[in-house]
Amino acid sequence: QGVAATVSPLPIDPLASTVASALYRGRSCLLVLLDSIVDPNNLGAIVRSAHCAGADALIIPKDRAARATPAVSKASAGAIEHMRLCRVTNLASTILWLKAQEIWVAGLAMQADRTVFETDLKGRLALVVGSEEKGLRPLIRRHCDYLISIPLCGRVDSLNASAATAVVLYEAFRQRHPVG
């Protein structure tokens, strides 16, 4: 489009200070953890939904995951510039650390004991979203406090990872910001 710019890399925030900052503000934190999301368009769409729904941070594993690239920035419509990103070496250890901080960890899964609409999403919450093909890895699934699903009808058995994340984030938003 005839415009060029030199920009610095996106800042990656330390997990501990990001969580401490969210908890210090005196409200329930909402974190989104991504388990092997590799598609840049999905990552961008998740970033945009997370930002718009008021999530405090996105936690991305160092390996087996899409990185913040220009394609992700474009797919996020610029939301990546306003979202705190944390990169962690081990997602399972991170989940255990979050649980030690008294943050509930909910995994998004097709087979779950409760639906998103039956689940209280108002407190300190970390939502874990699995990969586009396989969902949550078994170890990550086991570390979650509980699993939640999205009820579906029709002949397709699942939503895209970014669409599913948006549904759950906006149910959390609805519960956290009641109207009237």
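Scroll up to find the structure.
A few points on the structure. (Residues numbered from 1 in each chain as written. Predicted model: local features only at pLDDT ≥ 70, side-chain atom pairs only at ≥ 80, totals over all residues. Heavy atoms only, no water.)

This brings us to the pairing of strand 6 (residues 125-129). Taken across its five residues, strand 6 has five buried, putting it largely inside the fold. Burial of the side chains of strand 6 extends over both faces: Leu125, Leu127 and Val129 are buried on one face and Ala126 and Val128 on the other. Where strand 4 (residues 104-108) and strand 6 come together, four bridges link them in parallel fashion. Among the inter-strand pairings, Gly107 is bridged to a residue of strand 6, identified as Val128. (Buried < 20%, exposed > 50% of the residue type's maximum accessible area, 1.4 Å probe, protein only. Helix = DSSP H or I, 4+ residues; strand = E, 2+ residues; numbered from the N terminus. Pairing = 2+ DSSP bridges.)

With respect to the helices, strands and loops of the structure, Asp35 is situated in the loop between strand 1 (30-34) and helix 2 (40-52). Within the local environment of Asp35, its side chain forms a polar contact with the side chain of Arg137, the two groups lying 2.6 Å apart. Discounting chain neighbours no more than four positions away, the residues touching Asp35 are Leu91, Val128, Val129, Gly130, Ser131, Gly135, Leu136, Arg137 and Ile140. (Polar contact = N/O pair within 3.5 Å; in protein donor to acceptor, adjacent residues only side chain to side chain. Contact = heavy atoms within 4.5 Å.)

Bringing the pairing of strand 4 into the picture now. Buried residues dominate strand 4, accounting for four of its five residues. Both strand 4 and strand 7 (residues 146-149) contribute to a ladder of three bridges, which runs parallel. If you follow Leu108 over to strand 7, its bridge partner there is Ile148.

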